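Single-letter residue listing:
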Amino acid sequence: IRYTGYLPEFDIDAFAHLTAGDRGDIPVQNGSYDFTFAEIRKQFGKIVDAGAIPITLGGDHSIAYPTISELAKRHPKKVGVLHFDAHLDNFSAFGGDPYSRCSPFYCLYNDPNMDPTKIVHIGIRGPRNHQEERNNARKYGAAVIPAMEIKREGWEASIQKALEIASQGTAVLYVTICAACLDASCMPQGPQDMGGLTSFELLMMVHECGKAGASALDFVEIYPENGTLQTASHVGCWMALYFLNGVAEHRVNHG
């Protein structure tokens, strides 16, 4: 499959304005947060310090803690986060594990360099959200835009609301996407969470984040192939391209 930077929807070629490269895989050690998170921080930090825009593909949502936290070291209290997901992922601990994929945003709520009121959870829905998670979002002042609101108000109004919250008083924007934000019909490899975003809605919102000048993107929970034409991998690639196209448009418009 040949991927290019040109999207006819927006009539701009991202790679006419951006240069991209593959930094390669980050070493991980199953069962060792110390090793894996340290490697993520080291390699992610190098990309940020080089003035590049990191796009991270793969891993579970636990990786959002070290990446966002590392960015926040360089911009204390000035990082806005747009979190696309079906689930809030802000348990204080899950199964006794404070660094699980269900807990990265609780870690960020309590990170000394983060302002949790600049975190926006987008697309949240369904019975797999525990009341503790909703209580934690309220306690720390994080914003929540449920999937139902997006369906009622439309994706354009919803992403503008999210960007206004995350951009207020911040210097950089980080976009983190869990594949579960998509409806099960658009992500058959993942958990069967109904009532979610269409791929079109997510692509358009991610493009708007790029247009707003976002500085980093991750797409996590890219599920292994199980006979569904590698949908998760393809979606991750499309999200990266629509994000980069938005970034290119931002540079054209703002220099």
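To be clear, the structure that these remarks concern was listed above.
Throughout what follows, the structure given in this document is the object of discussion. This structure is a prediction, so every number in the text was calculated from the model and none was measured. (Residues numbered from 1 in each chain as written. Predicted model: local features only at pLDDT ≥ 70, side-chain atom pairs only at ≥ 80, totals over all residues. Heavy atoms only, no water.)

### Regarding the packing of aromatic side chains
Now for step 1: Taken as a whole and assessed by the stated rule, the structure comprises twelve aromatic pairs.
Now for step 2: On the numbers, 5.6 Å between centres and 50 degrees between planes, the contact of phenylalanine 91 with phenylalanine 94 is tilted.
Now for step 3: Judged by its relative accessible area of 10%, phenylalanine 91 is buried.
Now for step 4: Here phenylalanine 94 falls in the partly exposed class, since its relative accessible area comes to 45%.
Now for step 5: Centre to centre, the rings of tryptophan 238 and tyrosine 242 are 6.0 Å apart; their planes meet at 15 degrees, and the pair counts as stacked. One end of the pair is tryptophan 238 and the other is tyrosine 242, both in helix α8 (residues 231-254) and four residues apart, which spans about a single turn. (Phe/Tyr/Trp six-rings, centres within 6.5 Å; stacked < 30°, edge-to-face > 60°. Buried < 20%, exposed > 50% of the residue type's maximum accessible area, 1.4 Å probe, protein only. Helix = DSSP H or I, 4+ residues; strand = E, 2+ residues; numbered from the N terminus.)

### Thoughts on the side chain of serine 62
Now for step 1: Relative to the assigned elements, serine 62 resides in the loop between β3 (55-57) and α2 (64-74).
Now for step 2: In this structure serine 62 comes out as buried when scored by relative accessible area, which is 8%.
Now for step 3: Those residues in contact with serine 62 that lie beyond four places of it in its chain are Phe37, Tyr99, Ser100, Arg101 and Pro104. (Contact = heavy atoms within 4.5 Å.)

### Comments concerning the nonpolar core
Now for step 1: Formed by 43 residues in total, the largest nonpolar core has its most connected members in Leu82, Phe84, Ile159, Val175, Ile177 and Leu202.
Now for step 2: Elements with a contribution of two residues or more to this core: β4 (79-84), β5 (119-124), β6 (143-146), α6 (155-167), β7 (172-178), α7 (199-211), β8 (216-220) and α8.
Now for step 3: Sort the elements by how many residues they give to this core and α8 lands first, with eight residues. (Core = buried A, V, L, I, M, F, W, Y, C linked by side-chain atoms within 4.5 Å.)

### Some remarks on the pattern of salt bridges
Now for step 1: Counted under the stated rule, the structure contains ten salt bridges.
Now for step 2: In this structure, glutamate 70 and arginine 41 form a salt bridge, with 3.0 Å as the shortest nitrogen-oxygen distance. One end of the pair, glutamate 70, is in helix α2; the other, arginine 41, is in helix α1 (residues 33-49), with 29 residues separating them in the sequence. Comparing glutamate 70 with arginine 41 shows no difference in burial state: the two are buried.
Now for step 3: In this structure, the salt-bridge partner of glutamate 201 is lysine 151, at a minimum N-O distance of 2.8 Å. Linking glutamate 201 in helix α7 with lysine 151 in helix α5 (residues 147-153), this pair joins segments that are 50 residues apart in sequence.
Now for step 4: Taking the relative accessible area as the measure of exposure, lysine 151 reaches 38% and is therefore partly exposed. (Salt bridge = Lys/Arg side-chain N within 4 Å of Asp/Glu carboxyl O.)

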